[in-house]
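Structure assessment
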Amino acid sequence: MAKLYFRYGAMNSGKSTALLQAAYNYEERGQHVLLAKPVIDTKGADQIDSRLGVKRTVDFLIEPGDDLRALFAGHRARVRDRAEAALIPESAATGAAPDVACFLIDEAQFLTRDQVDDLLRIVVLDGIPVLAYGIRTDFQTQAFPGSRRLMELAHSLEELKTICRCGRKALFNARLVGGRFVFEGDQVAIDELTADRVTYESMCAECYLRESGGRLG
Ligand SMILES: [Zn+2]
C-alpha cells in the first residue's frame, strides 16, 4: 500500500542528496518517478541542488495556488503515455502498464496546507507513494505551514540528522544577516532577495538559546 513519507531535518541535513538518491534507486530498477518543488525557493529555480554537487531539474514547479492533485495527474498521464509509446507491443502486453512509481518533493515546507492534503489524496486515492523532504521549523523555531501539515498527515516520519557546532544534534536553523544572528524578520528570506547576505546555521537548542538570549521566536 502506498504511503506518505515526510523526511525532515534542519538545514544542511542532506535532504536534497537523499531525495536524489531515492529517485536514482527507483530509476535504476527501470521505474518512473516525478520530481517537483514549490516555486518560493528561488535558490535553484527549477533545480534540486544537493550539497555534494549533484543537480537535477525538476519535472514541474508548484505555485502556491496550484491544485496539486490535478497538476500531478497531468504529469502522471504524460509519463504513462510516453512510457507506453516507448514499449514494443509484445512487452506492453505482458508487463503491467507503465506508471509513476513515486512522487518526490523537495523543499516541502513551502507547500500550502491544502497542497499537503492533496499529497495524502494522491497517496491514498490515486495509489502513488509520496516522499516529501523539508525543513521542520523556521529561524524563529516555528513550523513551516507545509511541515506542520506533513507532521499531522504523514504515514511515516523520518528525521535526517545534522550536527551543531558543539557536536550535539541540530534542531533549529538560526539566521545570520551579514554574519550576525537575527531573531526577527520574515519567515522566508532567501539570499538574492535581500541586500545583506542571509545565511543559516543549524544549531542545537542549547546553542540557539545562548545566541538568542533565551528567545524562541
Ligand atoms: Zn550546539
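Every residue gets a number counted from 1 within its own chain, in the order that chain's sequence is written. Where totals are concerned, whole chains, interfaces and linings use all residues; where local detail is concerned, this predicted model gives features only for residues with pLDDT of at least 70, and gives and counts side-chain atom pairs only at 80 or more.

1. Structural notes on the overall build of the protein
Here a strand is any run of E in DSSP of at least two residues, a helix any run of H or I of at least four, and the numbering for each starts at the N terminus. Tallying secondary structure elements over the protein gives 6 helices and 11 strands in all. Around each residue's C-beta, the other C-beta atoms within 10 Å are counted; 20 or more make the residue buried, 12 or fewer make it exposed, and counts in between make it partly exposed. All C-beta atoms are placed from the backbone. Counting all 217 residues of the protein, 30% fall into the buried class. Here the contact rule is simple: place C-beta atoms from the backbone, and any two residues whose C-beta atoms are within 7 Å are in contact. Expressed as a percentage of contacts within the protein between residues at least 6 apart in sequence, the contacts between residues at least 24 apart total 75%.

2. Some words on the sheet that holds strand β1 (residues 4-9)
In this description, strands pair whenever DSSP reports at least two bridges between them. Spatially, β5-β2-β6-β7-β1-β8 is the arrangement adopted by the 6 strands of the open sheet, whose pairing is parallel. Unpaired on one side and paired on the other, β5 (60-62) and β8 (156-159) mark the two borders of the sheet. The mean inter-strand angle of the sheet, taken between neighbouring strand axes irrespective of direction, is 20°. Structural elements are reduced to axes, namely lines fitted to C-alpha atoms, with helices fitted over the stretch in contact, and the angle between N-to-C directions of any two is expressed from 0 to 180 degrees. The strands touched by helix α1 (residues 15-28) are β1, β2 (32-38), β6 (100-105) and β7 (130-135); relative to β7, the strand with the most contacts, the crossing angle is about 165°. The strands that helix α5 (residues 145-153) touches are β1, β7 and β8; relative to β7, the one it contacts most, it runs at about 135°.

3. Structural notes on the environment of G30
Topologically, G30 is positioned in the loop between α1 and β2. Distance in space between the C-alpha atoms of G30 and A101 is 9.8 Å, their sequence separation being 71 residues.

4. Notes on the pairing of β7
Strand residues, when the strand is regular, have side chains that alternate between the two faces of the sheet. The buried fraction of β7 is high, at 6 of 6 residues. Side chains V130, A132 and G134 of β7 all project onto a buried face; the interleaved residues L131, Y133 and I135 project onto the opposite face, where all are buried too. Two strands pair when backbone bridges link them, and β1 and β7 are joined in this way by 6 bridges, in the parallel orientation. For L4, the partnering residue across the bridge sits in β7 and is V130. Of the pairings in the sheet, the one linking β6 to β7 comprises 3 bridges and is parallel in character. If you follow I105 over to β7, its bridge partner there is A132. We call a crossover right-handed when, viewed with both strands directed away from the observer, the connection leading from the first strand over the helix to the second proceeds clockwise. A crossover connection joins β6 to the parallel β7 through helix α4 (residues 113-124); in handedness this β-α-β unit is right-handed.

5. Observations concerning the UniProt feature "binding site: substrate" (unreviewed entry) in the protein
UniProt positions are given in the numbering used here, feature names are shortened, and annotations may be inferred rather than shown by experiment. The positions that UniProt labels "binding site: substrate" (unreviewed entry) are, in the present scheme, Y200. Its place among the elements puts Y200 in strand β11 (residues 198-203). For Y200, a count of 17 C-beta atoms within 10 Å gives the class partly exposed. In contact with Y200, other than residues within four places in its own chain, are M11, F139, N173, A174 and R175.

6. A look at the pairing of β2
Along β2, 6 of the 7 residues are buried, which leaves the element largely enclosed by surrounding structure. Examined bridge by bridge, β2 and β6 share 5 bridges and lie parallel to one another. For H32, the partnering residue across the bridge sits in β6 and is V100. Summarising the sheet, β2 and β5 pair through 3 bridges and their orientation is parallel. Looking at the pairing, A36 lines up with F60 of β5.

7. Looking at unusual backbone geometry
The residue N12 is not glycine, and still its phi comes out positive at about 65°. Note that N12 resides in the loop between β1 and α1.

8. Comments concerning the UniProt feature "active site" (unreviewed entry) in the protein
Per the UniProt record, the feature "active site" (unreviewed entry) sits at E107. Looking at the secondary structure, you find E107 in the loop between β6 and α4. A residue is classified by how many C-beta atoms lie within 10 Å of it, and E107, with 26 of them, is buried.

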